[in-house]
Amino acid sequence: MTSYSLIIDGQKVETADTFDILNPATRELVGKAPIATKADLDAAVAAADKAFQSWSRESNETRKQACLDMAKVLEDNMGELSRLLTMEQGKPLGGMGSEFEMGACMAWAGAQANFELPVKVIEDSDAQRIELHRQPLGVVASITPWNWPLMIAIWHIVPAIRTGNTVVLKPSPFTPLSTIRMVELLNTVLPAGVLNVVTGTDELGQWMTDHDNIKKVVFTGSCATGKKVMQSAAGTMKRLTLELGGNDAAIVLPDTDVSKMAEKIFGGAFINSGQTCAAIKRLYVHDDIYDEVCETLTKIAEATPVGNGLEQGVLMGPIQNKMQYDKVVGLVEDAKTRGARILCGGEPMDGPGYFYPLTLVADISDGTRLVDEEQFGPVLPIIRYSDLDEVIGRANNSEFGLSGSVWSSDLAKATEVAKKLECGTSWVNAHALIAPHVPMGGVKSSGMGVEFGEEGLAEYTDIHVISIDKS
Ligand code: NDP
């Protein structure tokens, strides 16, 4: 079995203690992850801090080339990383699984080379010249979750490095191995210390958010943990980007062409078996087409193969971990006791893994846990409505505000509804359609700050104004 080590200052660092990583499809051992001590974290931060002194002074061209080099490394090692990702995360190799995730990693890494944050001349008059410069921050801590481990890591680390920062990355303890291997490979094209990775026990994240020499935390995960990160980071006034949970509503208007849109709605809800922050988690369907939508989605769900992601033809894997599996089972059982109708799925599947079938739940409404909470699994509540203004209010009646969507044959009308949703992104006739050049972030409890595009890049910098009095 391959052994995994911390990567600090470009070197593998072995630890005395390790923890087991199990395949969620088989519950067999995939590998052992290292447990970093506080001293290991300090060494990683010190290496990143040292590397920052030179990396932050590198030319724009050198940093752009580093993004392209990282994209090439990801491309060259796609086969190995995809397979390891499937084994520890559970998602299939094909479909919207590991190879898709690796494709996104390459696209996002390479795209950072195209973005610029040039010096902005605010005023250049006879009296004065005022310039706005963007300065890198220092050591950035990246804390990532288990649903899209590699893609989210790339979203954090490449813009940080592009803008002259250095990184200490901490993956989720559920899925650390593919991240460690990816960091090892990326280190072949980066100066030592620019990108470091640590894994360990529960204290590690808090040690990072408290650390004096870490200047920014970029965190993707649950709202509850995001709030703890914010509290802990306050002591040292760290910059923060928080991408937290969502409970995205999709509103299907009565004029929607169901046969044309159903696959897209299904994909928007069940991407990564629903374990996606910006997936459809509440589907509001107009009374006129409610039965047609339920029937069409049921046919698609029943025809979608669920199984071990390494097997050919599988399109959906298991739930990633026991905690999440228990949460999904609990939400569906609660919905049943509240009189909801199970259209398909609804009972755990056999096997050693955490398999749960694609589940559609009808005749359910707001006020049930499955609608009000983030299920983060392969279950979709389909909620009937008849009044448009009322359903917009119900969609907005949530602590979350990540994204939402409106579905209709009338684009102008759907766009007007989309504008009324309280969220960071509203799609029309699409959901979870993200791109490297389009900023994305949540409102309300779904987070603060944005990722992607030049707006996302700017989050890894502080403003430095140079004001020259010419008199
Ligand atoms: P968490 O938010 O707890 O974990 C995400 C990351 O944060 C992990 O790397 C975790 O590592 C770390 N972490 C946990 N506590 C702290 C802390 N106090 N300070 C710093 N870092 C910390 O998510 P879970 O894995 O526990 O999942 C819980 C729920 O979050 C899910 O049920 C789902 O609803 C939601 N979720 C949302 C995601 C999204 O993309 N929006 C992604 C994943 C989950 P460690 O545990 O080692 O500390």
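Residues numbered from 1 in each chain as written. Predicted model: local features only at pLDDT ≥ 70, side-chain atom pairs only at ≥ 80, totals over all residues. Heavy atoms only, no water.

Overview of the UniProt feature "domain: Aldehyde dehydrogenase" (unreviewed entry) in the protein chain
Our working definition: UniProt positions are given in the numbering used here, feature names are shortened, and annotations may be inferred rather than shown by experiment. Here a helix means four or more residues in a row that DSSP labels H or I, a strand means two or more in a row labelled E, and each is numbered from the N terminus.
Those residues carrying the UniProt feature "domain: Aldehyde dehydrogenase" (unreviewed entry) are residues 17-465 in this numbering. Its end C-alpha atoms 48 Å apart, residues 17-465 is made of 39% helix and 21% strand.

Quick word on the pattern of salt bridges
Using the following cut-off: The term salt bridge refers to a pairing of a side-chain nitrogen on Lys or Arg with a carboxyl oxygen on Asp or Glu at a separation within 4 Å. The classification of residues rests on relative accessible area computed with a 1.4 Å probe and restricted to protein chains. Under 20% of the type maximum is buried, over 50% is exposed, and intermediate values are partly exposed.
If you walk through the whole model with that rule in mind, you get 26 salt bridges. Across the pair D76 and K72 runs a salt bridge whose closest N-O atoms are separated by 2.9 Å. With D76 and K72 both in helix α2 (residues 60-76), this residue pair falls 4 residues apart, about one helical turn. A residue is classified by how much of its surface remains accessible, and K72, at 45% relative accessible area, is partly exposed. Connected via shared salt-bridge partners are K12, E80, R181 and E184.

Some words on the packing of aromatic side chains
Worth spelling out the cut-off: For this analysis, a ring pair means two rings from Phe, Tyr or Trp (six-membered ring only for Trp) whose centres lie within 6.5 Å, classed as stacked if their planes differ by under 30 degrees, edge-to-face if by over 60, and tilted for the remaining angles. Each ring is checked for a lysine NZ or an arginine CZ that lies within 6 Å of its centre and within 35 degrees of its normal; such an atom marks a charge sitting over the ring.
According to the stated counting rule, one finds 9 aromatic pairs in the structure shown. Centroid distance W146 to F174: 6.4 Å. Interplanar angle 90 degrees. Geometry classified as edge-to-face. With a gap of 28 residues between them, W146 in the loop between β7 (139-143) and α5 (149-162) and F174 in the loop between β8 (166-170) and α6 (177-186) connect regions that are remote in the sequence. In this structure W146 comes out as buried when scored by relative accessible area, which is 9%. By relative accessible area, F174 is classed as partly exposed at 33%. Cluster of aromatic residues (ring-pair linked, three or more members): W108, W155 and F452. Note that K91 overlies the ring of W148, its terminal NZ or CZ placed 3.7 Å from the centroid. Positioned above the aromatic ring of Y290 is the side chain of R384, whose terminal nitrogen or guanidinium carbon lies 4.0 Å from the ring centre.

Here we look at the pairing of β7
Cut-off, in case you're wondering: Between any two strands, pairing holds if DSSP finds at least two bridges. The path from the first strand over the helix to the second decides the hand: if it runs clockwise while the strands point away from the viewer, the crossover is right-handed.
Burial analysis of β7 places 5 of its 5 residues in the buried class, which makes it a mostly covered element. Side chains of β7 alternate between two faces, with V139, A141 and I143 and V140 and S142 buried alike. In this structure, β7 lies alongside β8, joined through 5 bridges in parallel fashion. Counted as the bridge partner of V139 is T166 from β8. This β-α-β element, β7 to α5 to β8, shows right-handed connectivity. Bridge analysis of β7 against strand β10 (residues 214-220) gives 5 bridges, and the strand direction is parallel.

So, the site of the ligand
What counts is decided by this rule: We call a residue near a molecule or strand whenever a single non-hydrogen atom of that residue lies within 4 Å of it. What qualifies as a polar contact is a pair of N or O atoms within 3.5 Å, subject to a donor-acceptor requirement within protein and to the restriction that residues adjacent in sequence count only when both atoms come from side chains. Here, Shrake-Rupley sampling with a 1.4 Å probe gives the accessible areas, and only protein chains in the shown set may cover a residue.
The full set close to the ligand counts 27 residues, and T144, W146, K170, S222 and Q324 are the nearest of them. Within the backbone of L244, an N or O atom sits 3.2 Å from a nitrogen atom of the ligand. Measuring from an oxygen atom of the ligand, one finds a side-chain N or O atom of K327 at 3.2 Å. Contact with the protein chains hides 89% of the accessible area of the ligand, taken as 870 Å² for the molecule alone.

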